[in-house]
Amino acid sequence: MDAITLMKRFTLFPMGLLVALSATAQEDERLALSRDAAAQLGQELTATLLTALGTDGPVEAIDVCSVEASPIAERLSEQAGARVGRTALRVRNPENAPDDAAREVMAAFARDLAAGAPAPPEHFETRPDGSARYMSAIVLQPLCVTCHGSEIAPELATAIAGHYPADQATGFAVGDLRGAFIVEWPAPGAQIQ
Ligand code: HEC
């Protein structure tokens, strides 16, 4: 091996490694931040929901959810530098509708849950343009059945239909996949959409 080949090996190897490391470091960071953002969105929505249910009951809680859910998601999106929200295969708010790729991820989540996944499944992918998407499954809890279950009280059903005439988000049982948290990272230099 002559001196030049040796030098090339030494210079090429660390450079390649650096690029690989920084890509991985960014992915790790985005994954960690995505998990935090999703957890925070879940906590804030649950806290808002519980307060509304405890104060006024489920009919008024529909009003609260319809007014509060998106400002909470917007504030957390600004904090995270990524778009943080919720989606589902069957949505209540059409603004939460998934694209085809998110639909496929949730179909896989549903299969994992049906197969007995011990924890809510999650998904993270970085696209060739450097944008990335995180998703984690939202599993239906007993608390959710009042508004997303199979037997919705008539007064509540009227309130839901008033806000969401195209509601698809009923008929779920405890343990079902209700939807997913979704965190969208822009490509470098791109704006959050
Ligand atoms: C008081 C009624 C009520 C309860 C209880 C409730 N939700 Fe909802 N849920 C709503 C409303 C209203 C929306 C639409 C919010 C919006 O406009 O973004 C919604 C939307 C959602 C969405 C976003 C996707 C979509 O369908 O638009 C998910 C996911 C969700 N709920 C999961 C849950 C889970 C999980 C629980 C239990 C922890 C729960 N909900 C409890 C009323 C409720």
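Heads up: these notes are all about the structure in this document.

Reading guide: rules and limits
Residues numbered from 1 in each chain as written. Predicted model: local features only at pLDDT ≥ 70, side-chain atom pairs only at ≥ 80, totals over all residues. Heavy atoms only, no water. Helix = DSSP H or I, 4+ residues; strand = E, 2+ residues; numbered from the N terminus. Buried < 20%, exposed > 50% of the residue type's maximum accessible area, 1.4 Å probe, protein only. Contact = heavy atoms within 4.5 Å. Core = buried A, V, L, I, M, F, W, Y, C linked by side-chain atoms within 4.5 Å. Expected span 1.5 Å × (residues − 1). Arc of directions from axis to C-beta.

Topic: the overall build of the protein
A count of helical and extended segments in the protein gives five helices and four strands. Across the protein, helices and strands are ordered from the amino to the carboxyl terminus as α-α-β-α-β-β-α-α-β. Counting over 193 residues, the protein shows a buried share of 33%. Taking all contacts inside the protein whose residues are at least 6 apart in sequence as the whole, residues at least 24 apart take part in 71%.

Let's talk about the nonpolar core
Ranked by size, the top nonpolar core spans 17 residues in total, and within it L41 and V183 carry the most contacts. Of all elements in the fold, only helix 1 (3–56), helix 2 (58–80), strand 3 (132–139) and strand 4 (177–185) reach the threshold of two or more residues within this core. Residues contacting L41, with those up to four places away along its chain left out, are I72, A73, L76, V84, G85, R86 and F181. Residues V105, M135, A137 and V139 belong to the second largest nonpolar core, which totals 11 residues.

A few points about helix 2
The terminal C-alpha atoms of helix 2 lie 31 Å apart, and with 23 residues this matches the ideal 33 Å at 1.5 Å per residue to within 8%. By the burial criterion, the buried members of helix 2 are A61, I62, A69, I72, A73, L76 and S77. Backbone geometry just after helix 2 places G81 at a positive phi near 75°.

Thoughts on helix 5 (residues 154–163)
Considered for burial, the residues of helix 5 that qualify are L156, A159 and I160. Angular distribution of buried residues about the axis of helix 5 spans 100°; they occupy a single face of the element. Along helix 5, exposed side chains directed more than 90 degrees from the buried face belong to P154, E155, T158 and G162. At its buried positions, helix 5 is contacted by helix 2 and helix 4 (145–148).

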